[in-house]
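# Results of the structural survey
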Amino acid sequence: MDLLHVTNGEWVRVSDLRGGRGLQARLTQLGFLPGNQVRIIRTAPFHGPLLIEIEGREIVLGRGVARHIIVEKI
């Protein structure tokens, strides 16, 4: 499943990154590596961005980017 289908507060593990090389490189720089754990802290209303915790940092991602991050439940 992609990151958009994770409920708030749930921890998941990154399993794959989709998209072009530029997007994959940017996500890798942010810490989205296979095996890393991610938590959705908050989802903004009206299809707004997601506030995510990864590697002890909080990151805001748009929904278009979040759909390229494939995760699995822990």
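Remember, it's a predicted structure, so these values are computed and weren't measured experimentally. (Residues numbered from 1 in each chain as written. Predicted model: local features only at pLDDT ≥ 70, side-chain atom pairs only at ≥ 80, totals over all residues. Heavy atoms only, no water.)

## Regarding the side chain of Asn36
- Along the chain, the position of Asn36 falls in the loop between helix H1 (21–29) and strand E2 (37–43).
- In this structure Asn36 touches Val12, Arg13, Val14, Gly31, Ile54 and Glu55, once residues within four positions along its chain are discounted. (Helix = DSSP H or I, 4+ residues; strand = E, 2+ residues; numbered from the N terminus. Contact = heavy atoms within 4.5 Å.)

## What to know about unusual backbone geometry
- Of note in this structure, Phe46 is not a glycine but carries a positive phi near 60 degrees.
- Tracing the chain through its elements places Phe46 in the loop between E2 and strand E3 (50–54).
- With a relative accessible area of 81%, Phe46 lands in the exposed category.
- Located in the positive-phi region is Glu55, a residue other than glycine, with phi close to 55 degrees.
- With respect to the helices and strands, Glu55 occurs in the loop between E3 and strand E4 (57–61). (Buried < 20%, exposed > 50% of the residue type's maximum accessible area, 1.4 Å probe, protein only.)

## Points about the pairing of E4
- Strand direction decides the pairing type here: E3 and E4, joined by five bridges, are antiparallel. Paired with Leu51 across the bridge in E4 is Val60.
- Hairpin connection between E3 and E4: a loop of two residues separates the two successive antiparallel strands, and Glu55 in this loop has a positive phi of roughly 55 degrees. (Pairing = 2+ DSSP bridges.)

## Things to note about the side chain of Glu53
- Secondary-structure assignment places Glu53 in strand E3.
- Polar side-chain contacts of Glu53 include one of 2.7 Å to the side chain of Arg39.
- Here Glu53 is in contact with Trp11, Gln37, Val38, Arg39 and Ile41, once residues within four sequence places are set aside. (Polar contact = N/O pair within 3.5 Å; in protein donor to acceptor, adjacent residues only side chain to side chain.)

## Here we look at the nonpolar core
- Counting residues in hydrophobic clusters, the biggest one holds 18 residues, and the most contacted among them are Leu3, Phe32, Val38, Ile52, Leu61 and Ile69.
- Those residues within four positions of Leu3 in sequence are excluded, and the remaining contacts are Val12, Phe32, Val38, Ile40, Leu50, Ile52, Leu61, Ala66, Ile69 and Val71. (Core = buried A, V, L, I, M, F, W, Y, C linked by side-chain atoms within 4.5 Å.)

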